[in-house]
Amino acid sequence: MKIPYFRFKPAGNELKYFKEVLESGWLTSSSKAIKLEESFKEKLGVAYALSVNSCTSALHLALEALEVNKDSNILLPTWTFAATAEVVEYLNANPIFCDVDIESCNITPKILQDVLDKGIKIDVLLLVHFGGRSAILHNEQKEGLIDLCIKNNIKIVHDAAHAFPASFKGRMVGSFSDITCFSFYANKTITSGEGGMVVTDDEEFFKRMKLMRLHGIDRDAWDRFTSVSNKNEYDIVDAGFKYNMPDINAAIALAQFEKADELKEKRISIAQRYLSEFRSIESLTMPSCNGDISEHSWHLFNPVLKRNKFISREDILNKLQEKGIGTSLHYKPLHRMTFYREKYNLSKNDFPNSEEIWAGCFSLPIFPDLQEEEQSYIIDAVKEILS
Ligand SMILES: *Cc1c(COP(=O)(O)O)cnc(C)c1O
């Protein structure tokens, strides 16, 4: 058998909507992109949504709207993808890398508090909900991440590239302050090939992001100041970016969005099966959730091999590959990457949990189209390798 790490399959109206766009005579941002934005607003119960060409663009727009500049300190986990950190570089701001919790691979309130206790001023928390499991946003003692950020005047940008649809205590990731960014990259929970969405309840942030999404062109301002609006006139009020989402992509995203909950159910059932089948393997630590398996979007299923003298993570990856099973690694932490390590003088000793996870982690296929026989094949292979 050959099982890829991820396999896309049209879930519903992808081809129909794609054809509609091609036949409409208009390929870039239009009705499909707007419909996708409306759908996100309704689903999350937020005031504003902007479709963009990637989650990286969304993160850049979000930080820019928060007026992040060379004097800003941005706290982010070392345990994340390149995009989370590079947007800080785009704005010449200062990334402050922190370790993550060993169980959730997320930043916890304690980790944030420890940074603040060192006297480091943080302006923005760039919060990754790793694998699709929400970080602890609120708790009974009012010491969740959002509580701490409000208390310390820190803005939050959620990197929710893995976390759609996911929730925290019954409320969807994306409905919390201040700004949330989603990814529709090829192997994310819903996809448009490339694409993303940024959502917020704040009108000022929305206006700024909308302006900068398309070249800094202010059509609205022009319309406001001209009594007889000339449709060909526009003004440029800042040097913006080219971050809009074409309708070609929005068509695919819209069809995926319609099936997002169904696709998630399929991933949950695979996660459930893996969790119960692998429970007996003592050498593995299983991924877990905040108590409720259905709040997790299960973008990733990443067990961690406990350190032992019998088998290494590389051995597992090689053996799975020999059996035709695709795997992935999430992530080689940023403090191990040349650019960040050298520029910021980062040392492995400062990130013990990430080092521990990195030594043993591997990600197994968990895409909605993964057939039951394929799941069984993967389960048998992992059991055989580790028994
Ligand atoms: C995929 C990913 C991104 C970037 O998403 P794109 O849509 O590819 O730009 C950002 N952060 C994390 C954690 C990701 O996994």
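These figures come from a predicted structure and were not determined experimentally. (Residues numbered from 1 in each chain as written. Predicted model: local features only at pLDDT ≥ 70, side-chain atom pairs only at ≥ 80, totals over all residues. Heavy atoms only, no water.)

J.: So, the overall build of the protein chain: which residues are in play, and what are the values?
T.: Counting its regular elements, the protein chain contains 14 helices and 11 strands. The C-alpha atoms of the protein chain give 22 Å as radius of gyration, which agrees with the globular expectation for 387 residues (21 Å, within 12%). In terms of overall dimensions, the protein chain has a C-alpha envelope of 75 × 55 × 40 Å along the principal axes. Taking all 387 residues of the protein chain together, the buried fraction comes to 54%. Residue pairs at least 24 apart in sequence account for 72% of intrachain contacts in the protein chain once pairs closer than 6 positions are excluded. Approximately 17600 Å² of the protein chain is accessible, and the part contributed by carbon and sulfur atoms is 51%. Side-chain charges in the protein chain split into 46 positive and 55 negative, and the spacing between the mean points of these groups amounts to 2 Å. (Helix = DSSP H or I, 4+ residues; strand = E, 2+ residues; numbered from the N terminus. Rg over C-alpha atoms; globule rule 2.2 N^0.38 Å. Buried < 20%, exposed > 50% of the residue type's maximum accessible area, 1.4 Å probe, protein only. Contact = heavy atoms within 4.5 Å. Areas by Shrake-Rupley, 256 points an atom, 1.4 Å probe, with all protein chains shown as cover. Lys, Arg positive; Asp, Glu negative; His and termini not counted. Charge placed at Lys NZ, Arg CZ, Asp CG, Glu CD.)

J.: Give a description of the site of the ligand that names residues and reports values.
T.: Neighbouring the ligand are 15 residues; T56, D159, H162, S183 and K188 lie closest to it. The separation between an oxygen atom of the ligand and a polar side-chain atom of H162 is 2.7 Å. The side chain of S183 places a nitrogen or oxygen atom 2.7 Å from an oxygen atom of the ligand. Expressed as a share of its isolated accessible area of 390 Å², the protein-covered part of the ligand is 94%. (Near = heavy atom within 4 Å. Polar contact = N/O pair within 3.5 Å; in protein donor to acceptor, adjacent residues only side chain to side chain.)

J.: Describe the sheet that holds strand β4 (residues 124–128), with residues and values.
T.: Spatial ordering of the open sheet is given by β1-β9-β8-β5-β4-β2-β3, a layout of seven strands whose pairing is mixed. Of all the strands in the sheet, the pair left with one neighbour each is β1 (48–52) and β3 (94–98). Averaged over all pairs of adjacent strands, the angle between strand axes in this sheet comes to 20°, irrespective of strand direction. Pairing analysis gives five bridges linking strand β8 (residues 179–183) to strand β9 (residues 196–200), with the strands arranged antiparallel. Looking at the pairing, F182 lines up with M197 of β9. Packing of helix α3 (residues 55–65) onto the sheet brings it into contact with β1, β4, β5 (155–159), β8 and β9, and relative to β8 it is tilted by some 165°. (Pairing = 2+ DSSP bridges. Axes fitted to C-alpha atoms, helices over the stretch in contact; angles between N-to-C directions.)

J.: Can you explain the packing of aromatic side chains? Please cite residues and give values.
T.: Enumeration over the complete set of coordinates arrives at 18 aromatic pairs. Aromatic side chains Y48 and F206 sit 4.4 Å apart centroid to centroid with 15° between the ring planes, which places their arrangement in the stacked category. Placement of Y48 in strand β1 and of F206 in helix α7 (residues 203–213) is noted, with a sequence separation of 158 residues between them. Across the pair, exposure class does not vary: Y48 and F206 are buried alike. Taking the centre distance of 6.1 Å and the plane angle of 40° together, the rings of F81 and Y331 count as tilted. Residue F81 is located in the loop between β2 (73–77) and α4 (82–90), and its partner Y331 is located in the loop between α11 (313–322) and α12 (338–344); the two are separated by 250 residues in the primary sequence. Overall, F81 belongs to the partly exposed group, its relative accessible area being 47%. (Phe/Tyr/Trp six-rings, centres within 6.5 Å; stacked < 30°, edge-to-face > 60°.)

J.: Just give me the short version of the packing of α11 against helix α14 (residues 372–386), but keep the residues and values in it.
T.: Where α11 contacts α14, the two axes come as close as 10 Å, and the packing angle between them is 135°. Compared by their axis directions, α11 and α14 come out oblique. For the pair α11 and α14, the crossing hand works out as right-handed. Contacts between α11 and α14 pair I316, K319 and L320 from the former with A381, V382, I385 and L386 from the latter. Partitioned by chemical class, the residues of the contact of α11 with α14 number six nonpolar, no polar and one charged. (Parallel < 35°, antiparallel > 145°, perpendicular 65-115°, else oblique. Left-handed = near helix turned anticlockwise from the far one by under 90°. Nonpolar A, V, L, I, M, F, W, Y, C, P; charged D, E, K, R; others polar.)

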